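Survey of secondary and tertiary structure
These are the residues of each chain, in order.
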Amino acid sequence: MPERSRVRPGSVATHTLLSLGALVMVFPFLWQLLTALKTLPEAVHVPTTFFPEHLNRAAFEEVFTAMPYGEMLGNSVVNTVARTAGQLVFCSLAAYAFARMRFRGKNVLFALFLSVLLVPPSLLILPQYDVIQRLGLLNTTPALFLPGMFSAFGTFLLRQFFMALPRELEEAARIDGAGPFRVFWSIMLPLIRPALAALAVITAMWSWNDLLWPLVVNTDPAKMPISAGLTSLEGQFETNYPVMMAGSLIASLPMIVLYLLLQRHFVQGIAQSGTKG
């Protein structure tokens, strides 16, 4: 008879800790959903009640009338797609040049790229605002995504993957008559799909949740993304918490779906990003 597998105490402790960690991570989303299903008196009641007395769906209907939710959601989609596409294109081109091409001053220029990561993003708001103002793009949709279409982090992430690829692939392609761009597009780029997926998820989540920059460049509610629009639900003397929670819950669904679709590539891309320096 086959031996029965023994339950190891260490395995039980590990799964217990992981379950508690998962519960801690899921609890805010559960609280958000339950608050959205409460009435306003229940949401502000002291002591706090965990479960609503009756499931109230009025907050999910009111959020579409409290602000131009549809237009803001569309602005968030445009902002996220444009930033993500821009970073995938520009960062992959720059990363390939730094990883596979030889030119004078490459290491110095790459060090300057990495130095941008040492600068707090808030310090870049004023010069970026000045550029957008001079271009006459304030209170427009392009103002949301233009400064975020390139990043030093994306270049560094993709460069690590390009450097890990064998040079024999490039040499074989050049023997067959492929030019530099053909080698990049047809040979090298498909091999770093996990890194591209990881960068796409990171950029999309950062763009979708960006709050400070949209509030600076756009004051027209019709041109704001949903992250900035939700702040308008917070009143000076009273805040309708069920409506705010309903709006933020709906706004978070696209990013949850995106992560679930690209989860395998995202984890693989992050795990392999530092395999070669």
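Coordinates for the structure precede this section.
Residues numbered from 1 in each chain as written. Predicted model: local features only at pLDDT ≥ 70, side-chain atom pairs only at ≥ 80, totals over all residues. Heavy atoms only, no water.

Each helix and strand counted, the protein chain has 14 helices and 0 strands in total. For the protein chain, the N- to C-terminal ordering of α and β elements is α-α-α-α-α-α-α-α-α-α-α-α-α-α. At 24 Å, the protein chain has a C-alpha radius of gyration far larger than the 19 Å of a compact globule built from 277 residues. Taken along the three principal axes of its C-alpha coordinates, the protein chain extends 80 × 70 × 30 Å. When the 277 residues of the protein chain are sorted by exposure, 36% land in the buried category. Between the averaged position of the 19 positive side-chain charges in the protein chain and that of its 15 negative side-chain charges there is a distance of 18 Å. (Helix = DSSP H or I, 4+ residues; strand = E, 2+ residues; numbered from the N terminus. Rg over C-alpha atoms; globule rule 2.2 N^0.38 Å. Buried < 20%, exposed > 50% of the residue type's maximum accessible area, 1.4 Å probe, protein only. Lys, Arg positive; Asp, Glu negative; His and termini not counted. Charge placed at Lys NZ, Arg CZ, Asp CG, Glu CD.)

A word on a nonpolar patch on the surface. A grouping of Val-89, Phe-90, Leu-93, Phe-150, Phe-181 and Trp-185 is seen on the molecular surface, where their side chains present a nonpolar patch of about 610 Å² in accessible area. Per-element accounting of the nonpolar patch gives the leading share, 3 residues, to helix H4 (residues 69-100). Relative to the elements of secondary structure, Leu-93 occurs in helix H4. (Patch = residues over 30% accessible without salt bridge, like charges linked within 9 Å, V, L, I, M, F, W, Y side chains within 5 Å. Areas by Shrake-Rupley, 256 points an atom, 1.4 Å probe, with all protein chains shown as cover. Salt bridge = Lys/Arg side-chain N within 4 Å of Asp/Glu carboxyl O.)

Turning next to the packing of aromatic side chains. Scanning the model with the defined rule gives 14 aromatic pairs in all. Relative to Phe-184, the ring of Phe-181 lies with its centre 6.0 Å away and its plane at 45 degrees, an arrangement referred to as tilted. With Phe-181 and Phe-184 both in helix H10 (residues 180-188) and 3 residues apart, the pair spans about one turn of that helix. The exposure class of Phe-181 is exposed, given its relative accessible area of 54%. One aromatic cluster is present, built from ring pairs that chain together Tyr-96, Phe-162, Phe-181, Phe-184 and Trp-185. (Phe/Tyr/Trp six-rings, centres within 6.5 Å; stacked < 30°, edge-to-face > 60°.)

This brings us to the layout of surface pockets. Space inside the largest pocket adds up to approximately 730 Å³. For the largest pocket, the lining is made up of 23 residues, of which Pro-121, Leu-124, Gln-128, Phe-150 and Trp-206 are closest to its centre. Here the element with the most residues in the lining of the largest pocket is helix H11 (residues 193-209); it accounts for 4 residues. Classifying every residue of the lining of the largest pocket gives 15 nonpolar, 6 polar and 2 charged. Its boundaries defined by the atoms lining it, the second largest pocket holds a volume of some 420 Å³. If you go around the second largest pocket, you meet 16 residues; those closest to its centre are Phe-29, Trp-208, Asn-209, Ser-252 and Met-255. Here the lining of the second largest pocket takes 6 residues from helix H14 (residues 241-272), the largest share from any one element. (1 Å grid on protein atoms, 1.4 Å probe; cavity = no way out; pocket = protein on both sides within 12 Å on 5 of 7 lines; lining within 4 Å. Points joined across faces, edges and corners; volume = space filled by probe spheres on them. Nonpolar A, V, L, I, M, F, W, Y, C, P; charged D, E, K, R; others polar.)

This next bit is on the nonpolar core. Tyr-96, Leu-158, Phe-162, Met-188, Leu-189 and Ile-192 are the most contacted members of the largest nonpolar core, which has 19 residues in total. In contact with Tyr-96, not counting residues within four places along its chain, are Met-101, Phe-162, Glu-170, Pro-180, Val-183, Phe-184 and Met-188. Residues Val-63, Tyr-69, Leu-233 and Met-255 belong to the second largest nonpolar core, which totals 16 residues. (Core = buried A, V, L, I, M, F, W, Y, C linked by side-chain atoms within 4.5 Å. Contact = heavy atoms within 4.5 Å.)

Let us now look at the environment of Asn-56. Following the sequence through the fold, Asn-56 ends up in the loop between helix H2 (40-43) and helix H3 (58-66). Note: C-alpha distance between Asn-56 and Leu-88 (32 residues apart in sequence) is 42 Å. Not counting residues within four places of it along the chain, the set of residues in contact with Asn-56 comprises Ala-36, Leu-37, Lys-38 and Thr-39. Within the structure, Asn-56 has its side chain in polar contact with the backbone nitrogen of Ala-58 (distance 3.3 Å). (Polar contact = N/O pair within 3.5 Å; in protein donor to acceptor, adjacent residues only side chain to side chain.)

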